[in-house]
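Now for the letters of each chain:
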Amino acid sequence: MAFSKTGLLAASLVALMTAAGCNSTRLASMDTQPAPLPAAPAGVVTSGQLPPPSAPGASQFPAAPQQTQVASLPADGGAAAANAPDLTAGNVAGVWSASVSGQSCKVATPQTRFGQGFRAGPLRCPAPVDGVKSWNVAGKQLTLYDEGGSPLARLYSSGEGRFDGQTSNGQPITLSR
């Protein structure tokens, strides 16, 4: 059986490389575990009784900040309502960006008959607007209703593509396109 010089040389190189790989220390470091991390500093823990509340029946929590109403309209509409244009369902139908006390969401107002007028669909809205189920217009006023037909908000047009008003609990509300 005859071997060629090239074949013999290739077989020899493979044998040498295999033998060299078995004796290599390159991968030896992978068998050891890394050194442990130093412990994180811990604070001092103390125990004891909390002080009593300042007055009987007083809350241990601070009072919530008072809401200030910004550019809200009175429930009867006031002077802003007197200057507002008369509304039709076509003026209101569509999708609106709503802002309730600084929180934003979307409200869909299709012209599908439902409840107190037309179906309404709030999307990720804060209370009380999350409970809006229907809407209707009467003269200059847009009213949003809950499932039971009670008014949740009253708004008036304050310009092209914008309604301002307040919710039944006094929060300012704006609808805009």
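See above for the structure.
The rules we used
- Residues numbered from 1 in each chain as written.
- Predicted model: local features only at pLDDT ≥ 70, side-chain atom pairs only at ≥ 80, totals over all residues.
- Heavy atoms only, no water.
- Core = buried A, V, L, I, M, F, W, Y, C linked by side-chain atoms within 4.5 Å.
- Buried < 20%, exposed > 50% of the residue type's maximum accessible area, 1.4 Å probe, protein only.
- Helix = DSSP H or I, 4+ residues; strand = E, 2+ residues; numbered from the N terminus.
- Contact = heavy atoms within 4.5 Å.
- Disulfide = S-S within 2.5 Å.
- Salt bridge = Lys/Arg side-chain N within 4 Å of Asp/Glu carboxyl O.

## Here's the deal with the nonpolar core
Note that soluble globular proteins tend to have their nonpolar side chains buried in a common cluster.
Thinking step 1. Counting residues in each nonpolar core, the largest one holds 23 residues, and the members touching the most others are Trp 135, Leu 142, Leu 144, Leu 155 and Phe 163.
Thinking step 2. At the level of secondary structure, the elements contributing two or more residues to this core comprise α3 (89–92), β1 (94–100), β2 (103–109), β6 (134–138), β7 (141–145), β8 (151–159) and β10 (172–176).
Thinking step 3. With near-sequence residues (within four places) excluded, Leu 155 lies in contact with Lys 140, Gln 141, Leu 142, Leu 144, Phe 163, Asp 164, Gly 165, Ile 173 and Leu 175.

## Topic: the state of the cysteines
Thinking step 1. Here the structure, examined in full by the defined rule, presents one disulfide.
Thinking step 2. Paired through a disulfide, Cys 105 and Cys 125 show a sulfur-sulfur distance of 2.1 Å. With the S-S bond torsion at 90 degrees, the cross-link from Cys 105 to Cys 125 turns out right-handed. Residue Cys 105 is found in strand β2, and its partner Cys 125 is found in the loop between β5 (121–123) and β6; the two are separated by 20 residues along the sequence. With respect to class, Cys 105 is no different from Cys 125; both count as buried.

## So, the pattern of salt bridges
Thinking step 1. Per the counting criterion, the structure on display carries two salt bridges.
Thinking step 2. Residue Asp 86 pairs with Lys 140 through a salt bridge whose shortest N-O separation is 3.9 Å. Residue Asp 86 is located in the loop between α2 (78–83) and α3, and its partner Lys 140 is located in the loop between β6 and β7; the two are separated by 54 residues in the primary sequence.
Thinking step 3. On the basis of relative accessibility, which here comes to 56%, the residue Asp 86 falls in the exposed class.
Thinking step 4. Since its relative accessible area comes to 29%, Lys 140 is described here as partly exposed.
Thinking step 5. Measuring nitrogen to oxygen at the nearest pair gives 3.0 Å for the salt bridge that ties Asp 164 to Arg 162.
Thinking step 6. Asp 164 gets classed as buried once you look at its relative accessible area, which sits at 10%.

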